[in-house]
Amino acid sequence: MRNATICLPTYNERENLEAMVRALQPLGVNVLVIDDNSPDGTGEIADRLAAELEFVSVLHRERKEGLGPAYLAGFRRALANGADYVLEMDCDFSHDPNDVPRLIAAVDAGADLALGSRYVPGGGTANWGLVRRAISWGGSFYARVILGLGIRDLTGGFKCYRRQVLETIDLDAIDSKGYAFQIEGTFRTIRKGFSVVEVPIRFADRTEGTSKMSRSIVLEAVAKVPELRLAALTGRL
Ligand SMILES: Nc1nc2c(ncn2[C@@H]2O[C@H](COP(=O)(O)OP(=O)(O)OP(=O)(O)O)[C@@H](O)[C@H]2O)c(=O)[nH]1
Ligand SMILES: [Mg+2]
């Protein structure tokens, strides 16, 4: 049986973490919580769950540095622990735990990276306002055109990587923190010749806790996309 590890970054997800872990329990996956010393006590909840449940482990980091560094630390830990598949997922129920088996099945079927996608037929966003939808769709459009990719949803954070991908792409070279991290991971995967498939998902707004999205995360992505394009053009990527 292959080992699938879900990397679950948390920052102040006290209201969501336990319910998320319980929802993932029947799926036969490992869960690695990556907590950045959340002031609301999420890290202690994670420790309690890890002590109770064999499939749960915790990576404590000293401070909040953004999603990118948290995921990179999680990827390295998951690979060291022998994961065959490494997943990314938010801990706020925007990503439906019941969709995890479909992402895994896409990699079982041969994809090297499966992306949960809002912008392919069958996918979508629930209860998002027009502005939020426009920013998200526009961000993927911008990245798709500049990077010349055929992928519809480049900023989503619900993914399943085959181990070989993360062993091949240069993780040390990635310094993106927010949405740019998602774009960069997928771009590097494609540049190395790996196959990517989009799996339609319905993305729901969080109902508990607060968003960590910020203007700087959006601006980082706007700047990072042409940087990635240039790196590819000059053979550095
Ligand atoms: N470890 C860690 N986790 C983070 C950090 N920033 C966000 N997260 C977690 O990453 C996931 C996604 O963050 P959200 O705040 O939901 O951001 P988002 O999904 O882009 O924005 P919304 O759709 O508005 O919720 C959640 O599980 C957060 O707790 C961080 O700096 N460190
Ligand atoms: Mg969210």
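Residues numbered from 1 in each chain as written. Chains lettered and ligands numbered in written order. Predicted model: local features only at pLDDT ≥ 70, side-chain atom pairs only at ≥ 80, totals over all residues. Heavy atoms only, no water.

**Side note on the sheet that holds strand 4 (residues 85-88)**
Here comes step 1: Spatially, the seven strands line up as an open sheet ordered 3-2-1-4-7-5-8, and their pairing is mixed. In this open sheet, the two edge strands, each paired with only one partner strand, are strand 3 (56-60) and strand 8 (196-200). Direction aside, neighbouring strands of the sheet carry axes that sit 20 degrees apart on average.
Here comes step 2: Sheet topology places strand 2 (residues 30-35) next to strand 3; five bridges connect them, and they run parallel. The residue bridging V31 from the neighbouring strand is V56, located in strand 3.
Here comes step 3: Docked against the sheet, helix 1 (residues 17-24) engages strand 1 (4-10), strand 2 and strand 3, running at close to 170 degrees with respect to strand 1. (Pairing = 2+ DSSP bridges. Helix = DSSP H or I, 4+ residues; strand = E, 2+ residues; numbered from the N terminus. Axes fitted to C-alpha atoms, helices over the stretch in contact; angles between N-to-C directions. Contact = heavy atoms within 4.5 Å.)

**A short note on the confidence of the model for the protein chain**
Here comes step 1: Per-residue confidence for the protein chain gives a mean pLDDT of 97, with 100% of residues at or over 70.
Here comes step 2: Ranking the elements of the protein chain by mean pLDDT puts strand 6 (residues 124-126) last with 94 and strand 4 first with 99. (pLDDT = per-residue confidence, 0-100.)

**Side note on the site of ligand 1**
Here comes step 1: Around ligand 1 lies a shell of 20 residues, among which E13, D36, D92, S211 and K212 are the nearest.
Here comes step 2: Within the contact set of ligand 1, an oxygen atom lies 3.1 Å away from a side-chain nitrogen or oxygen of R132.
Here comes step 3: Here an oxygen atom of ligand 1 sits 2.8 Å away from a polar atom, N or O, in the side chain of R206.
Here comes step 4: With respect to the pocket detection grid, ligand 1 is positioned in the largest pocket.
Here comes step 5: Counting only elements with at least two residues in the shell around ligand 1, the list comes to strand 1 and helix 3 (67-80). (Near = heavy atom within 4 Å. Polar contact = N/O pair within 3.5 Å; in protein donor to acceptor, adjacent residues only side chain to side chain. 1 Å grid on protein atoms, 1.4 Å probe; cavity = no way out; pocket = protein on both sides within 12 Å on 5 of 7 lines; lining within 4 Å. Sits in = over half its atoms within 2 Å of the grid points.)

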